[in-house]
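Geometric and topological summary
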Amino acid sequence: MAEGTSKKVLVVEDNELNMKLFCDLLDAFGFEAIKSVDGLRAVELAKEVHPDLIIMDIQLPEVSGLDLARWIKDDDVVGDIPILAVTAFAMRQDEQDVKDAGCEAYMTKPIQMAPFIKTVEELVAPRRQTH
């Protein structure tokens, strides 16, 4: 991060271990992780902090991550923020559903560190020129 400010990543995940793993990896690679275990609060939080990326679990207790992704993408304020969907389900239809919801990328759990960080860096890179 040559410009001296770390990129903000909103992590929407209800599983404590996954949340810790994602945030530890993001911190280790110079990203500022903002946590939300509450899917319903994620859209509001995205508007408050305007992160450079949202990492979203698809299986959330209160609301589907796919619905959340659609709400974010339909919002004029935060609709341009890329979303990385993470899910324990790895069916072909799931990947299509994620793309249909507007997510830029999709990853299955358990995540692997190198592809996870590579994907995060690729997703925040295009936003560097716009801010």
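Just above, that's the structure.
Basis of the calculations
Residues numbered from 1 in each chain as written. Predicted model: local features only at pLDDT ≥ 70, side-chain atom pairs only at ≥ 80, totals over all residues. Heavy atoms only, no water. Buried < 20%, exposed > 50% of the residue type's maximum accessible area, 1.4 Å probe, protein only. Helix = DSSP H or I, 4+ residues; strand = E, 2+ residues; numbered from the N terminus. Arc of directions from axis to C-beta. Contact = heavy atoms within 4.5 Å. Polar contact = N/O pair within 3.5 Å; in protein donor to acceptor, adjacent residues only side chain to side chain. Core = buried A, V, L, I, M, F, W, Y, C linked by side-chain atoms within 4.5 Å. Phe/Tyr/Trp six-rings, centres within 6.5 Å; stacked < 30°, edge-to-face > 60°. Salt bridge = Lys/Arg side-chain N within 4 Å of Asp/Glu carboxyl O.

Some details on helix H3 (residues 65-73)
Along H3, the residues that are buried comprise Gly65, Leu66, Leu68, Ala69, Ile72 and Lys73. For H3, the angular spread of the buried residues around the axis is 160°, confining them to a single face. Those residues of H3 that are buried lie in contact with strand E1 (8-12), helix H2 (39-49), strand E3 (53-57), strand E4 (83-87) and helix H4 (92-100). Where H3 starts, the residue carrying a side-chain oxygen 3.0 Å from the main-chain nitrogen of leucine 66 turns out to be serine 64.

Focus: the nonpolar core
In globular proteins that are soluble, nonpolar side chains generally tend to be buried together. Of all hydrophobic cores here, the largest spans 24 residues; its most connected members are Val12, Ile54 and Leu68. The set of elements that each furnish at least two residues to this core consists of E1, H2, E3, H3 and E4. Counting 20 residues, the second-largest nonpolar core is a separate cluster that includes Val9, Leu84, Ile111 and Ile117.

Regarding the packing of aromatic side chains
Using the criterion set out here, one finds 1 aromatic pair in the structure. Ring centres 5.4 Å apart and planes at 15° place the aromatic pair phenylalanine 22 and phenylalanine 116 in the stacked group. Remark: phenylalanine 116 occurs in helix H5 (residues 113-128) and phenylalanine 22 occurs in helix H1 (residues 16-28); sequence separation between them is 94 residues. A relative accessible area of 1% places phenylalanine 22 in the buried class.

Some points on the pattern of salt bridges
Enumeration over the complete set of coordinates arrives at 11 salt bridges. The residue aspartate 57 makes a salt bridge to lysine 109 at a minimum N-O spacing of 3.2 Å. Residue aspartate 57 is found in strand E3, and its partner lysine 109 is found in the loop between strand E5 (105-108) and H5; the two are separated by 52 residues along the sequence. Each member of the pair aspartate 57 and lysine 109 is classed as buried. What emerges from the salt-bridge pattern is a single network uniting Glu13, Asp57 and Lys109.

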